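Reading the structure
Spelled out, the chains give:
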Amino acid sequence: MTYLLGLRMQGREVLVIGGGRVAQRRIPVLVEAGAHVTVVSPEISVALEDLATAGRIRWQQRRYAPGDVAGPDARPYWLVHATTDDAAVNAAVAQEAEDARLWCVRADDRHASSAWTPASGGSGDVTVGVVAGGDPRRAAGLRDVIIEQLVDGTLDARRGREPLTGVALVGGGPGDPGLITVRGQQLLNQADVVVVDRLAPTSLLDRLPADVEVIDASKIPYGRSMAQEAINQILVDRAQQGKFVVRLKGGDAFLFGRGGEEAAACVAAGTPLMIVPGVTSALAAPAGAGIPATHRGVSQDIHIVSGHVPPGDERSTVDWAGLGAGRGTIVVLMGVQHIASIAETLIDHGRSKETPVAVTQDATLPTQQTVTGTLATIAAAARSARVRPPAVVIIGEVVKTARELDILHTGTQFDTRRSATRHDLR
């Protein structure tokens, strides 16, 4: 039988004997909790050495010696971890800690350990710790089930907690609902009002309580849309009514998502504001198609641009001449309608007409497909494949690299070999 405690480690000294794989798992959590960690070990992992170099932990590069557990006079230890692969050393450390009336966690023998570290995780301000008779695998499995249910709202973590107010701009990711961030999902679960875009992961809305107000703020390209000023006003009005508003957007709110305008409106009105980054389709679409946006020896730069207006339009701020003269990867969002003029402009400014191009539609979704070609052929290939928005255009040698590495595909990241039409580079 165990007695669980939540230890507040901020500013407290912790000793870890050993610097291998177990220490590498435990030390970052201690550091995150605010503990001052001293590691005694002849060698430590690369990740731990990086923490030591940054001054986030202290490393004494030597073997354990009797008396180490007593600690420096000015900084007595509160907790000890014995994580070496030598049972005799771990036993000596544990005995020394026992004599000093310090809790010691032994990594090699849970039955001889005076303390166990629970399998822990968090959702918002809730921390979950599971001890399953000292069995770490069983405890981790139970923890994962609980955390998953807290994140998706099956378990309600809001009970007894003071409700949030204000506005949260949440990037919902590229489409697949599983790609929203944990923080984004947590805030969505607490929303009183959700103002949602058409490209946001709308299937998540079905998990919300029935009393949550959902407002459709979709903008259909060249079709129906809610004016941006109206969206801004809704965010402010609902927040001023004391409600917690989540503005759920596709991708990342600050990348061609007008998140800056909405944030400015909230700040101007004195509305509390949170900003949660999202996975942008500018990177998720190439990755979902198996295309590395950069690749050693091929492309060292990537340029993300909007193609909602064509090159030469007075509203465009894109340096198409510079992009044509360069060699880096170009990722074009909202460029399907103007793909022909974009390709022609890049060729006119120096890019080879044989430059590889891919267009990925419905990135990360089951309907994802990727069409490939060159600057000279991509417009016709996309038209033949009936590509429609949302689609992302990837221009550069990385497309050819993906094909040569046999990682270019048309399915989602979960089904990389699903059959679909592929237009080979030509």
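Residues numbered from 1 in each chain as written. Predicted model: local features only at pLDDT ≥ 70, side-chain atom pairs only at ≥ 80, totals over all residues. Heavy atoms only, no water.

With that settled, consider the pattern of salt bridges. Side-chain pairs of opposite charge can arise where the charged atoms are in close proximity. Within this structure, the stated rule accounts for 12 salt bridges. Here Arg-143 makes a salt bridge to Asp-144, at a shortest N to O gap of 3.0 Å. For the salt bridge of Arg-247 with Glu-262, the shortest nitrogen-to-oxygen distance reads 3.1 Å. Placement of the pair is Arg-247 in strand β11 (residues 244-249) and Glu-262 in helix α7 (residues 259-268), with a sequence separation of 15 residues. By sharing partners, the salt bridges in this structure join Asp-197, Arg-247, Lys-249 and Glu-262 into a single network. (Salt bridge = Lys/Arg side-chain N within 4 Å of Asp/Glu carboxyl O. Helix = DSSP H or I, 4+ residues; strand = E, 2+ residues; numbered from the N terminus.)

To continue, consider the environment of Ser-123. When you line up the elements, Ser-123 lands in strand β6 (residues 119-123). Separated by 23 residues in sequence, Ser-123 and Ile-146 have C-alpha atoms that sit 9.7 Å apart. With sequence-adjacent residues up to four places away left out, Ser-123 is seen in contact with Leu-150, Val-151 and Gln-186. (Contact = heavy atoms within 4.5 Å.)

Time to look at the nonpolar core. Within the largest apolar cluster, 23 residues are counted, with the highest numbers of intra-cluster contacts made by Leu-346, Val-387 and Ile-395. Those elements that provide at least two residues to this core are α9 (320-325), β14 (329-333), α10 (339-348), β15 (356-361), α11 (378-384) and β17 (391-395). Setting aside anything within four residues of it in sequence, one finds Val-387 in contact with Val-336, Val-359, Gln-361, Val-371 and Ala-382. Within the second largest apolar cluster, 17 residues are counted, among which are Leu-208, Phe-244, Val-246 and Val-276. (Core = buried A, V, L, I, M, F, W, Y, C linked by side-chain atoms within 4.5 Å. Buried < 20%, exposed > 50% of the residue type's maximum accessible area, 1.4 Å probe, protein only.)

Another aspect to go through is the pairing of strand β8 (residues 166-171). Here β8 lies mainly inside the structure; six of its six residues are buried. Residues Gly-166, Ala-168 and Val-170 point to one face of β8 and Val-167, Leu-169 and Gly-171 to the other, with burial holding for every one of them. Here β8 pairs with β11 via six bridges, running parallel. Each bridged residue has a counterpart across the sheet, and for Gly-171 the counterpart in β11 is Lys-249. Relative to strand β12 (residues 273-276), β8 is paired through four bridges, and the arrangement is parallel. Bridge pairing in β12 links Ala-168 to Met-274. (Pairing = 2+ DSSP bridges.)

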